[in-house]
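Each chain, letter by letter, is given below.
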Amino acid sequence: MPLTSDNQEIDYWTTPATSPPTNAPSATAYSPTPDYLRTLKIPLLRGRFFTEHDRLGSEPVIVIDEILAKRAFPGQDPVGRELSVQYLGRMHIVGVIAASKHHSLDDNAYGPPKPALYIPLGQFPDEFMRLTGSGMSLMVRTSLMRHQLFKP
C-alpha cells in the first residue's frame, strides 16, 4: 500500500531473457484490484487498467507508471510492448499511469523517485503470494464527509 514501509521491490528488464541480468533495475511492485486507480484517484495516462478478466489463465498483463515508462522505454510508447518481471516472466504492458507517492509525502527524502509496476491481483499465483509475506491491505473511498463521521 502506498505511504507505508511495506512496499515490495522486484527486478524487471526489457530483454526476452528468462532470468534477470546481474544489473537488472528494480521497481516498487503492487498487486491491485481493478478499482485501485479510481479509489486512489491516480490518472491513467495511456492504455487501460485491469479488469476482472485479468486473472490466472489469461494473458499475463502489467501496468507501469510514467517513471518506469521513461526509464525502460525512453521516447517510446510502452503500451503493447513486453516487460520481463522477476519470478513472473514476460508480461504484456497494457497501460501507463501517473507516478504516485510510495514511501512518504516527501519522496525526495528517499532519493530519486522509484519506478512502479502493477500486476493484477487476479494473476498472482498462490506460491508467489506466499513469498511476499505481507498479506493484503484494504483501501476504501467513501462519499461521507468528515464532519458526518465525527459529529459530537
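Shown above is the structure to which this text applies.
Let me sum up the structure you'll find in this document. Please read these numbers as outputs of a predicted model, since none were measured by experiment.

### Remarks on the pairing of strand 4 (residues 61-65)
Consideration 1: Of all the five residues making up strand 4, five are buried; the element is thus mostly covered by neighbouring parts of the structure.
Consideration 2: The pairing of strand 4 with strand 6 (residues 89-97) spans five bridges and is parallel. Pairing of Ile-64 across the sheet is with Val-96, part of strand 6.
Consideration 3: In this structure, strand 4 lies alongside strand 7 (residues 116-118), joined through two bridges in antiparallel fashion. Opposite Val-63, over in strand 7, you have Tyr-118 as the bridge partner.

### Description of the pattern of salt bridges
Consideration 1: Tallied over the full model, the rule gives five salt bridges.
Consideration 2: One salt bridge connects Asp-77 with Arg-46, and the closest N-O pair in it is separated by 3.2 Å. Here Asp-77 is found in the loop between helix 2 (66-72) and strand 5 (82-85), whereas its partner Arg-46 is found in strand 3 (residues 44-47), with 31 residues between them in sequence.
Consideration 3: The class of Arg-46 is partly exposed, set by a relative accessible area of 32%.
Consideration 4: Close ionic contact of Arg-90 with Glu-82 constitutes a salt bridge, the shortest N to O distance being 3.3 Å.
Consideration 5: Owing to a relative accessible area of 27%, Arg-90 belongs among the partly exposed residues under this scheme.

### A short note on the nonpolar core
Consideration 1: With 18 residues, the main nonpolar core has Tyr-12, Ile-62, Ile-64, Leu-68, Leu-83, Leu-117 and Ile-119 as its most contacted residues.
Consideration 2: Listed by contribution, the elements that provide at least two residues to this core are strand 1 (8-13), strand 2 (26-30), strand 4, helix 2, strand 5 and strand 6.
Consideration 3: Apart from the residues within four sequence positions on either side, Leu-68 is in contact with Tyr-12, Ala-27, Phe-73, Leu-83, Pro-115, Ala-116 and Leu-117.
Consideration 4: Grouped together as the second largest cluster of nonpolar side chains are 13 residues, Tyr-30, Val-61, Val-63 and Ala-98 included.

Procedures and definitions
Residues numbered from 1 in each chain as written. Predicted model: local features only at pLDDT ≥ 70, side-chain atom pairs only at ≥ 80, totals over all residues. Heavy atoms only, no water. Buried < 20%, exposed > 50% of the residue type's maximum accessible area, 1.4 Å probe, protein only. Helix = DSSP H or I, 4+ residues; strand = E, 2+ residues; numbered from the N terminus. Pairing = 2+ DSSP bridges. Salt bridge = Lys/Arg side-chain N within 4 Å of Asp/Glu carboxyl O. Core = buried A, V, L, I, M, F, W, Y, C linked by side-chain atoms within 4.5 Å. Contact = heavy atoms within 4.5 Å.

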